[in-house]
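Spelled out, the chains give:
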Amino acid sequence: MVYLKGAVEAVLSKCRYYYVTDSSTPSLDAKTKEIITNRAVESAKKGLRVIAMAYGFAPKDVNAEAKDLIFCGFQAIVDPPRKGVAHAVASLHSAGVQMVMITGDAEPTALAIARELGLKVSPSAGDGKTSSSSCMLGSQVDQLSERELIERVPSITVYARTTPRHKMAIVRAWQMRGAIVAMTGDGVNDSPALKMADIGISMGKSGTDVAKEAADVILVDDDFSSILPAVEEGKSIFYNIQNFLSFQLSTAVAALTLITLSTFFKLANPLNAMQILFINILMDGPPAQALGVDPVDKEIMKRPPRRKDEPVLSQRLLIRVGFSAAMIVLGTLFVYIYEVGDGSLSKRDQTMASSSVYHTLGELMTRHLRHSSS
């Protein structure tokens, strides 16, 4: 005997009869197929996962495909999204992350779940085949060339009736566009795409060993919303590093510029060695360390994603460093020139110059804190 389960359209294509009773298996005509298909689509539009079943006698040739089977019916299964997923999707959308759902379910089921999660999908036309411009079937992916798929992926939110080969093609297309791709999955069929993605994310409880081995990250609690604080922490670390470098480089460049200018113009050094050490150790190190461990700001998720090749020392950061260093140098030189107006440089004059540096550093620290929280 042969027992078969799978997608309704795939099972119906192998059936010649349908089950009424053990002694009654009428022929499966086109009208009956249409009735079965319409009922399956109605269930799928409610977000139910539909699995059709059939049975029959095995062919004598073991290599031959089983045909002329008896269609038994289909089962509609409730598989609701986990709690917190819709909120996580909305937050990731606001952060500029494009969410894409790839599933083996039928298109009506996929679209119903996508709308429940808040994914951006086009209105359904109701024909059950190509009902949404933002949804693509695996068979349609096969018909596209690699270049055509690369052009289409930004407008597609849902992929239905897909295989592992389709998932790999979709991941590759996004990567060819320069995107950083994070792929979630829990089954053996997800492992090739998990391995190919920039960040493979597997489930810890329901995930198979193969998926966990192929993934880079494992969600121990199987909670998709755990990705949200991870993205927040990653963004916060990056911007904290930039704030740390900005403050650290500003003071270093300012001190070096002061000494260079005083040497170049043959002026007395506005800062003595003890004051320079004091600035570097006490007034420079601890504030920069504080900026480096600044807690996560919730508003950081509203910033757009940075490019994959964006350097830590960006042009904007270097401008900040230059501006901050210039303010320190100009403020200190102003006090220095004012104090040495009498023609001599005393210890009091150097103290006033170093005090100007401390005051400017304090203002700079305040400005960096405001910048990091805005």
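Small disclaimer: the values here were computed from a predicted structure and weren't measured.

Calculation rules
- Residues numbered from 1 in each chain as written.
- Predicted model: local features only at pLDDT ≥ 70, side-chain atom pairs only at ≥ 80, totals over all residues.
- Heavy atoms only, no water.
- Pairing = 2+ DSSP bridges.
- Helix = DSSP H or I, 4+ residues; strand = E, 2+ residues; numbered from the N terminus.
- Axes fitted to C-alpha atoms, helices over the stretch in contact; angles between N-to-C directions.
- Phe/Tyr/Trp six-rings, centres within 6.5 Å; stacked < 30°, edge-to-face > 60°.
- Buried < 20%, exposed > 50% of the residue type's maximum accessible area, 1.4 Å probe, protein only.
- Expected span 1.5 Å × (residues − 1).
- Contact = heavy atoms within 4.5 Å.

A. Representation of the sheet that holds strand S8 (residues 182-185) in the model. The 3 strands lie next to each other as S8-S9-S10, forming an open sheet whose pairing is parallel. Two strands in the sheet have a free side with no partner beyond their single neighbour: S8 and strand S10 (217-219). Averaged over all neighbouring strand pairs, the angle between strand axes comes to 25 degrees, with direction disregarded. Here S8 runs beside strand S9 (residues 199-203); their pairing, made up of 4 bridges, is parallel. The residue bridging Met183 from the neighbouring strand is Gly200, located in S9.

B. Spotlight on the packing of aromatic side chains. Under the definition given, this model contains 1 aromatic pair. Between Phe238 and Tyr239 the ring centres are 5.6 Å apart and the planes differ by 80 degrees, which places this aromatic pair in the edge-to-face class. Its relative accessible area of 8% is what places Phe238 among the buried residues. Taking relative accessible area as the criterion, Tyr239 reaches 17% and is therefore assigned buried.

C. Spotlight on helix H2 (residues 30-45). Between the first and last C-alpha of H2 there are 22 Å, a value that for 16 residues agrees with the 22 Å anticipated at 1.5 Å per step. Regarding H2, the residues found buried are Thr32, Ile36, Ala40, Val41, Ser43 and Ala44. Looking at the buried residues of H2, the elements they touch are helix H1 (8-12), strand S2 (15-18), strand S3 (49-56), strand S4 (69-77) and helix H4 (107-117). Of the residues flanking the end of H2, it is Gly47, one or two places downstream, whose phi is positive at about 90 degrees.

D. Representation of unusual backbone geometry in the model. Unlike most non-glycine residues, Asp68 shows phi in positive territory, near 55 degrees. Following the sequence through the fold, Asp68 ends up in the loop between S3 and S4. In the Ramachandran plot, Arg161 falls in the positive-phi region, its phi being about 55 degrees despite a non-glycine side chain. Relative to the elements of secondary structure, Arg161 occurs in the loop between strand S7 (158-160) and helix H7 (164-176). Arg161 sits in the partly exposed class, given a relative accessible area of 22%.

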